[in-house]
Every structure is written in structure tokens, then in C-alpha cells.
Amino acid sequence: MKQLQQTLRQIDGESYKGYKQIAGQYSFQQHQLLIDYVQGDPFAAPSKIRIKVPHRNRNIKTEWVQNRNRKIYAEDVLARYVAKAIAKQNSDVKGSGKSGMIAIDGPGQEILERTAVELTTEDITVCLSVGLPANGRRINGKQAENLFFQAVPEVINQSVFSITDQTIDETIQLADQHEAIQEAMEANGWISFVADGSILPRQSGISERPMKNAIAFESPEANRVTVDIPHRQEPLTGMALHKGIILIVGGGYHGKSTLLNAIERGVYPHVKGDGREYVLTDPNAVKVRAEDGRQVSHVNISPFIKNLPHGADTTKFSTENASGSTSQAANVVEALEAGAGTLLIDEDTSATNFMIRDERMQELVVKEKEPITPFIDKVKQMKQELDVSTVLVMGGSGDYFDAADEVIMLDQYLPFNVTARAKEIAAKHPYHREVETDASFGQVPKRAFLQGSLQTQQGKKSKVQAKGRATIVMGRTDISLHYVEQLVDASQTRMIADIIHHMEKNGWLKLEEPVHALLDKIENAFNDKGIAVFAPFKNQHPGDLARPRRFEIAAALNRMRTAKVKDLS
Ligand code: ADP
Ligand code: MG
């Protein structure tokens, strides 16, 4: 600590590069300061530091890290507290560029496994970015002293040393509860659970905070289940959706998409107070939608689309500019290829001709002239042959009544089970449309991406970099993830960029493994070596990463404009 102080006083007023010499480790009274990386310029990407608080200064209960799940939740709540402390503090560290800034990669509404905080029985490590203070382009040693000796310790004081054991205990309890719900879901064959009292709508289209004064969720009687969960007196009640084909209907603006959105986000746990903290979904559920314009590389979409004009082969379909229906077909079969167990589909974001095709249209445009086999003729085959469930929002057509195992109707934001009534209506008005599918679903794609797909060169440099949540710049092309709706955090996108970079450097794709096996391998590496395993710089903290699911990793690979694919089917 003294040494750092001395150095800062010595280099005060020197050229900014002089900061490089402060990299290293320093002991403070309550914590260790590790300066991992020093920025080259006050306007460049900020410096990276770690604060390590040993357990003798801040008690750490072993039960907080007793299992992986608890550890993730405990780290999450610590990161939240640090983020809050940073937001609250009005540090007076001044200067040019990023001088004095302090940042942590704080979580949103979801609880994700992330690298911002690491908790072990020994210590709590907080990864921060800081802007080293400058006057113009010269070192401001005085302000740097303020930063390291006041502002940063104050943030740690207001978070790591202020958060109560009870707050962490409660987070751990939520972890246990979520685990118990997931276990009940698996044991009973539920693909989603939505607790009574949940608040599903969000404040606005740009805020993930819960809506105020919303109508709380109440399960339909027929779907209500009771789950015993730990750390709670009374059991939890709510709606269970069983494996199968679930149709969500109801008038426009009655809350259908809101329910589906909550279900699709339920693949991740949410924090207390979110309103969706007891909404959980099959972790292998994948939202599929139309996404015209996307790249498709050698995908067998023939279960849905055959005989395109000009004879394009749809068993190995490639395009740089997919249509609504072909993009949605590709999204479905790629999800199956990656191992999806449930598909989530909303009419609002679907291609109509992919979803339905009625009798009149069948008569006017004869089968030979229509390349598309609509989803309605495939949904049962997916259930029966592939054990893949579907939750589908469809307010505009009753054609799915026959295929549905359950029909849930939303009426003024409240759900009712109308399965019996829908079946009655289906019997009364049988449809005369022809079922168009072949005898079986068809081949799920089995492909390998080739090493040459990873075109990371940009001039002389290799570059793979996330730009926000929805874009990865890879070499000279962009991977667009705007319509990959279950990619929820820019830190997940950064992680995917790191994975691509790692695979390129280490020749992972030379093995030509099928996508499914490649995803298994990535997940195993996360589980065995921690989620920082793919971070490029071993000598600095990778404090801004969060774990993506296999489906979102696959989504990025599938959207590479430079993909080269070998068919293994
Ligand atoms: P649909 O898909 O049936 O047309 P949406 O799910 O888009 O309807 O919901 C329509 C509007 O109602 C949205 O603005 C949404 O935020 C709001 N909303 C949804 N659920 C609730 C609720 N439980 N309480 C209050 N408002 C809600
Ligand atoms: Mg809608």
C-alpha cells in the first residue's frame, strides 16, 4: 500500500505510459489490490483491477459455496451489491477521458453464472474496471491516490462489508428453492412452472423491471400444482405445463405474448422482486421465430420445405438472405440439432405460411406448387418421434385445436384451461384441410462446422469482439444475434466471442465433430474448469463474462456469414 502510494507520487505529472509500472499486487488493511492491466491512454479501454477480501476480514460461510448452484447465487448477490455501491457513490476523482470511473459487470434481472465476483471459502474477489486519472494525457497521481485509497475501498465498504449474512443466506435459499422446483419439474414431466402471484409483464418495452400494479398470475384450476420447496412455510402453488403441445389463445392484448416471454426467460432464474422469481422453464427450451435476412449454411430444412423454385436442394439449404418461412424452418431444425427439448413460438414473430395453411389455400395453390409443409403438420411428429414439446401462442387460427394437448386461454391477463371446449369446437367444425406431411418427421441435421468457418483475420490482426448484446464482430463480418431472444446479457455475447476466438486459436473445429458434440465439449469445459476457461488473457481478470446456453452458442455459429459445413448425416 505504501509502495503504491510512493510510486503514484513519483510518477505524478509524467506521461500516461508511466502508469504501466503500477501493475502488481498491494496489501491494504482490509483487502488485497491486484492491478492486472493498465490502460495505455486515458481514453482507451479502462484498467482492470481485482479486490480480494480474505475471509478473516469478511466472514464467509461454507454453506454459501456448498454446491455450484449456491455459489452462483452468492456471487450474483455480491456483484449486485457492488454495482449498487458504485451507482450510489459520488466519487470526486476527476480528470480527462475515463479518469476516475469505476465499473463492475453487474447482473440484470437474470441470475447467470458470471465472472464479476468469485467466492471461495478463502476469499471474495471482486473484478473491477477503473479509469486511471489523467490531466490531459499526463498522470494525475493525486487523483489516482484518491481512486485507490478512497473511492475503491469505499465501494468495497458499501458492498462486501455492508451486505449482511442474512441477505446472502436468503439468496442461497432462493438457489435451493429453484433447484427444488427444477427437480419437481423433471420428476413430473413439466416444461414450465408459473407460480401463483407472479408478475409477468415488464415496465416497458425497454425496461426489464416488473410492471407496477399489474394483474398477478393465477393458475387455471386444471393446471394448478403444489410444490414443496425448502426455506418456506407454505408450499408453492402455480401452473404446470406438461410436456406435449400447449396452445395459448385469447384475444389481442390479453397477455399471450407476455406469458410466453416469461416462459422463455424462465430458462434462467430471476432475482427476488422481479415478479418472475418462481417462473421456471425447461432449461432446454428454445424460442424460435422468423428471422428473414439471416444466413443459413447447409441446413436440412426438408422436414418443412421441399421443392423450392429453381430446384434448390433443401436437404442442404444455404442462403445469405433467408425468407420468413425458410429462416423459421432453419431456426427450428437447428434448435433440434443442438438438443432442444421444447420449442416456444409466438404468432407475433412467426411467418404465417410456416405456421398454417388452410383448406381454401390448399385448393388454390396445390401441394406441388407449395414448398412449405406447415408447422401444424409437424408438431405432433416432433412430440411423438423426437420427444420435443411445443408451447405456441396462436390467437389467429383454430387449426391447432386438434393437435393441442392443452389449450390455455388468456382473458384479461388471466389464464383459463379451455382444452375441453376447444376439442368440442374442433369436433363440431372438423377441418377439411389435408395433412401434408410425410410419414415421419424427417432427418434432424447433423453437421460439423469446419475450421475455415472461423475467419477472424481483420487486416493483420485477428479479431473476435462482442459489440453489445446482439453483435459479434468476427474478422471482416458481423454475426447478428438481434433475433436470438434468449441471449439476454452482453456478457454472454462476450463469452461467445471468446469461445470462437479460442476455437480458432486451438483448432477445435479441425476435429469435425457434430455440432451437438462440440456444444457438449464447451459445456464440459465450463463445468470442469470454470467459465473463465475460454478467456484469452490468463494474466488479467475476465471479469465481464457470463455463461451462455448451448443454444445461443449454436445460434452464433449458425449465423456466421463465413460458415463452412460438412454434412455428417
Ligand atoms: P397479446 O400477445 O395477447 O396481444 P400482450 O402479452 O402483448 O398481449 O399484452 C398486451 C399488453 O398488456 C402489454 O402492454 C402488457 O404489458 C400488458 N399486460 C400483460 N399482462 C399483464 C398483466 N398481468 N397485468 C397488466 N398488464 C399486462
Ligand atoms: Mg402477442
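Residues numbered from 1 in each chain as written. Chains lettered and ligands numbered in written order. Predicted model: local features only at pLDDT ≥ 70, side-chain atom pairs only at ≥ 80, totals over all residues. Heavy atoms only, no water.

A. Summary view of the overall build of the chain. Helices and strands together make up the secondary structure of the chain, namely 13 helices and 29 strands. Its C-alpha atoms give the chain a radius of gyration of 26 Å, near enough to 25 Å, the size a compact globule of 569 residues would have. Reported as C-alpha extents along the three principal axes, the dimensions of the chain are approximately 85 × 60 × 35 Å. Counting all 569 residues of the chain, 56% fall into the buried class. Within the chain, counting contacts between residues at least 6 apart in sequence, those at least 24 apart form 72% of the total. Carbon and sulfur atoms form 48% of the exposed surface of the chain, whose accessible area is close to 24600 Å². A distance of 8 Å separates the average location of the 69 positive side-chain charges in the chain from that of its 72 negative side-chain charges. (Helix = DSSP H or I, 4+ residues; strand = E, 2+ residues; numbered from the N terminus. Rg over C-alpha atoms; globule rule 2.2 N^0.38 Å. Buried < 20%, exposed > 50% of the residue type's maximum accessible area, 1.4 Å probe, protein only. Contact = heavy atoms within 4.5 Å. Areas by Shrake-Rupley, 256 points an atom, 1.4 Å probe, with all protein chains shown as cover. Lys, Arg positive; Asp, Glu negative; His and termini not counted. Charge placed at Lys NZ, Arg CZ, Asp CG, Glu CD.)

B. Representation of the coordination of the magnesium ion (ligand 2). Coordination of the magnesium ion (ligand 2) by the protein is provided by Ser-257 (OG) and Asp-348 (OD), with metal-donor distances spanning 2.1 to 2.2 Å. A residue pair is termed long-range when its members are at least 10 positions apart, and Ser-257 in helix H5 (residues 256-265) and Asp-348 in the loop between strand S19 (342-346) and helix H7 (352-355) qualify at 91 residues. (Donors = N, O, S within 2.8 Å, 3.2 Å for Na, K, Ca; no water.)

C. Expanded view of a nonpolar patch on the surface. A cluster of nonpolar residues, Ile-215, Tyr-253 and Tyr-413, forms a patch on the protein surface that exposes about 390 Å² of accessible area. Here Tyr-413 is to be found in the loop between strand S21 (406-411) and strand S22 (414-417). According to the relative accessible area criterion, Tyr-413 is partly exposed, its value standing at 41%. (Patch = residues over 30% accessible without salt bridge, like charges linked within 9 Å, V, L, I, M, F, W, Y side chains within 5 Å. Salt bridge = Lys/Arg side-chain N within 4 Å of Asp/Glu carboxyl O.)

D. Here's a closer look at the environment of Val-117. Along the chain, the position of Val-117 falls in strand S5 (residues 117-119). Those residues within four positions of Val-117 in sequence are excluded, and the remaining contacts are Glu-75, Leu-78, Ala-79, Ile-104, Ile-124, Thr-125 and Val-126.

E. Inspection of the site of ligand 1 at higher detail. Within the structure, ligand 1 sits among 13 residues, and Ile-215, Tyr-253, Lys-256, Ser-257 and Thr-258 are positioned closest to it. Contact distances for ligand 1 include 2.7 Å between an oxygen atom and a backbone N or O atom of Tyr-253. Contact between ligand 1 and Ser-257: an oxygen atom at 2.9 Å from a side-chain N or O atom of the residue. With the chains in place, 80% of the 570 Å² that ligand 1 exposes on its own is no longer accessible. (Near = heavy atom within 4 Å. Polar contact = N/O pair within 3.5 Å; in protein donor to acceptor, adjacent residues only side chain to side chain.)

F. Highlighting the pairing of strand S9 (residues 190-195). Most of S9 sits out of view: six of its six residues are buried. As judged from the three bridges shared by S9 and strand S15 (residues 279-281), these two strands associate in the antiparallel manner. Across the sheet, residue Val-194 finds its bridge partner in S15, namely Val-279. (Pairing = 2+ DSSP bridges.)

G. The arrangement of the sheet that holds strand S27 (residues 471-474) in detail. The sheet built from three strands is open, its strands ordered S26-S27-S28 with antiparallel pairing. Every interior strand has two partners, whereas the edge strands, strand S26 (464-467) and strand S28 (477-480), have only one. Neighbouring strand axes in the sheet, compared pairwise and without regard to direction, differ in orientation by 25 degrees on average. Here S27 pairs with S28 via four bridges, running antiparallel. Paired with Val-473 across the bridge in S28 is Asp-478. Relative to the sheet, helix H11 (residues 490-505) contacts S26, S27 and S28, its axis offset from that of S26 by approximately 170 degrees. (Axes fitted to C-alpha atoms, helices over the stretch in contact; angles between N-to-C directions.)

H. Representation of the packing of aromatic side chains. Overall, the coordinates contain nine aromatic pairs when judged by the stated rule. Measuring from ring centre to ring centre gives 5.1 Å for Phe-28 and Phe-149, while their planes differ by 40 degrees; the resulting arrangement is tilted. Highlighted residues: Phe-28 in the loop between strand S1 (24-27) and strand S2 (32-37) and Phe-149 in helix H3 (residues 141-158), separated in sequence by 121 residues. Note on Phe-304 and Phe-375: the rings are 6.2 Å apart at their centroids and 10 degrees apart in plane angle, and the pair reads as stacked. Linking Phe-304 in the loop between strand S17 (296-299) and strand S18 (317-319) with Phe-375 in the loop between helix H8 (359-364) and helix H9 (379-386), this pair joins segments that are 71 residues apart in sequence. Residue Phe-375 is classed as buried on the basis of its relative accessible area, which comes to 0%. Grouped by ring-pair contacts, the aromatic residues Phe-304, Phe-354, Phe-375 and Phe-441 constitute a single cluster. (Phe/Tyr/Trp six-rings, centres within 6.5 Å; stacked < 30°, edge-to-face > 60°.)

I. Here's a closer look at the pairing of strand S13 (residues 236-242). In terms of burial, S13 is largely enclosed, as five of its seven residues are buried. Direction of pairing for S9 relative to S13: antiparallel, over a ladder of five bridges. Each residue of the ladder has a partner; that of Trp-190, found in S13, is His-242. By the bridge criterion, four bridges tie strand S12 (residues 224-227) to S13 in an arrangement that is antiparallel. Bridge pairing in S13 links Val-225 to Gly-238.

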